[in-house]
Amino acid sequence: MAAIDNDWLDAISGEFHKPYYRDLFNFVKDEYSKAVIYPPADDIFNAFHFTPLSKVKVLLLGQDPYHNVNQAHGLSFSVLPDQKEIPPSLQNIYKELHDDLGCYIPNNGYLKHWADQGVLLLNTVLTVRAHQANSHQGRGWEQFTDAVIQAVNAQDRPIVYLLWGAPAGRKAAMLTNPKHLVLKAPHPSPLSAYRGFFGCRHFSKCNEFLKANGVEPIDWQIPNI
């Protein structure tokens, strides 16, 4: 695992010394030694590398990484730029972006453009076995990412949370900062997008909140490659 070496370290380094994290580290290390695990080990903490804590404007919470080959690279909902097939949930995110802000549908699913602007693309679980969704749940990642969410909640500036689906929505109880905006909707998965994700207008609501608080809004348009 490539070490976190920016301002996140001050906020969450205490987690690395706790017994649960030692157990998690040993479990993940063992998994990589005997099975195909996504994302590649050096990409596990990419969300933190690409989006320092001081730059976070938006926290977009996913569940666990994509579990098929050449997809996951450490950013929730994002796939590698050479991945030709855009996952169904991300296709629905793009549809909502088009309907909400008029963004064109890009030819890729690489979301680093968001991360570079301050969108923390965080999964609640950061690793997964190939072709086995949720296979690393309950091993300690949830405790670690809860600490990350708490670190964001403690920031004394306007921040937006995009919580899609029931597991993400349950994190709203942790979000107590009156300077922050919490937006909840059903998950963009094809199984649930029509229950209220489509039409939620979270992207425009997010930008309206940021602008109203003197913060540069997010350019949500993912460019073509």
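Preceding this paragraph is the structure being described.
Residues numbered from 1 in each chain as written. Predicted model: local features only at pLDDT ≥ 70, side-chain atom pairs only at ≥ 80, totals over all residues. Heavy atoms only, no water.

(A) Geometry of the environment of Val36. Mapped onto the elements, Val36 comes out in the loop between α2 (19–34) and β1 (37–38). With 92 residues separating them in the primary sequence, Val36 and Val128 have C-alpha atoms 8.7 Å apart. When sequence neighbours within four positions are dropped, the list of residues in contact with Val36 reads Val128, Arg129 and Ala130. (Helix = DSSP H or I, 4+ residues; strand = E, 2+ residues; numbered from the N terminus. Contact = heavy atoms within 4.5 Å.)

(B) Representation of the pattern of salt bridges. According to the stated counting rule, one finds seven salt bridges in the structure shown. Across the salt bridge formed by Lys18 and Glu15, the nearest N and O atoms sit 2.9 Å from each other. Its relative accessible area of 34% is what places Lys18 among the partly exposed residues. According to the relative accessible area criterion, Glu15 is buried, its value standing at 11%. We note a salt bridge from Lys112 to Asp116, for which the minimum N-O separation is 3.0 Å. Taking the relative accessible area as the measure of exposure, Lys112 reaches 21% and is therefore partly exposed. (Salt bridge = Lys/Arg side-chain N within 4 Å of Asp/Glu carboxyl O. Buried < 20%, exposed > 50% of the residue type's maximum accessible area, 1.4 Å probe, protein only.)

(C) Local environment of the packing of helix α4 (residues 88–101) against helix α8 (residues 202–212). The interhelical angle for the contact between α4 and α8, taken along N-to-C directions, is 60°, at an axis separation of 8 Å. By the angle class used here, α4 and α8 are oblique. Touching Ile93, Glu96, Leu97, Asp100 and Leu101 of α4 are His202, Phe203 and Ser204, all from α8. Of the residues belonging to the contact of α4 with α8, the class tally is four nonpolar, two polar and two charged. (Axes fitted to C-alpha atoms, helices over the stretch in contact; angles between N-to-C directions. Parallel < 35°, antiparallel > 145°, perpendicular 65-115°, else oblique. Nonpolar A, V, L, I, M, F, W, Y, C, P; charged D, E, K, R; others polar.)

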